[in-house]
Amino acid sequence: MIDNTAAMGDYDHFGTFLDDYLGEGFRARYETHKAAAHAFRTGARAEDVAAVLAELEAFLAWAETVPTHIWQAELVSLGGRWKPRTVGPLRALVGALRGEKRWLAPGERPIRPRRR
């Protein structure tokens with residue numbers, strides 16, 4: 001098993017994105033994590049989007065090598081309030097930040113927000 005702190009890189013841009021776009025109340029503002037990523041992509045400078053995307057891809061590559069509870073804890077420590085149950089939503093963020101129209105990988109199903 002990989003030591004979770006040693007494998008972690010520097011995620012300043014990704015952490016800021018999590019705080020700004022996936023923080024408390026993000027569902028009221030954007031409804032979904034993909035819509036938040038799309039809003040960031042359309043409103044931010046290309047350099048900022050590229051930085052967040054690079055850090056997210058690095059985080060995702062690491063997250064796929066460790067147990068779920070470990071990467072979830074690290075994600076929460078980076079910022080925001082978002083805590084996906086699987087790496088699928090992280091992959092969807094990558095797609096949304098790349099500007100893809102289809103934000104889920106083939107065969108993946110969306111995680112729907114809980115109904116109140």
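Keep in mind that this is a model prediction, so the values were computed, not measured.

Draft legend 1. A look at the overall build of the chain. Secondary structure summary: the chain contains seven helices and zero strands in total. Beginning at the N terminus, the succession of helices and strands in the chain can be written as α-α-α-α-α-α-α. Considering the chain as a whole, with its 116 residues, one finds that 41% of them fall into the buried category. By sequence separation, contacts in the chain at least 24 residues apart represent 64% of the contacts at least 6 residues apart. Surface summary for the chain: the accessible area is close to 7,000 Å², and the carbon and sulfur share equals 49%.

Draft legend 2. Main features of the pattern of salt bridges. Taken as a whole and judged by the stated rule, the model has five salt bridges. Here R45 and D48 are joined by a salt bridge, their closest N and O atoms 3.1 Å apart. Residues R91 and E64 are paired through a salt bridge, measuring 2.9 Å at the closest nitrogen-oxygen approach. Placement of R91 in helix 7 (residues 88-98) and of E64 in the loop between helix 5 (46-63) and helix 6 (68-78) is noted, with a sequence separation of 27 residues between them. A network of salt bridges, in which partner residues are shared, links R45, E47 and D48.

Draft legend 3. Focus on the packing of aromatic side chains. Counted under the stated rule, the structure contains eight aromatic pairs. An angle of 55° between the planes, with centres 5.4 Å apart, marks the rings of F59 and W62 as tilted. Of the two residues, F59 and W62 both sit in helix 5, three residues apart, roughly one turn of that helix. Each member of the pair F59 and W62 is classed as buried.

Rules of the game
Residues numbered from 1 in each chain as written. Predicted model: local features only at pLDDT ≥ 70, side-chain atom pairs only at ≥ 80, totals over all residues. Heavy atoms only, no water. Helix = DSSP H or I, 4+ residues; strand = E, 2+ residues; numbered from the N terminus. Buried < 20%, exposed > 50% of the residue type's maximum accessible area, 1.4 Å probe, protein only. Contact = heavy atoms within 4.5 Å. Areas by Shrake-Rupley, 256 points an atom, 1.4 Å probe, with all protein chains shown as cover. Salt bridge = Lys/Arg side-chain N within 4 Å of Asp/Glu carboxyl O. Phe/Tyr/Trp six-rings, centres within 6.5 Å; stacked < 30°, edge-to-face > 60°.

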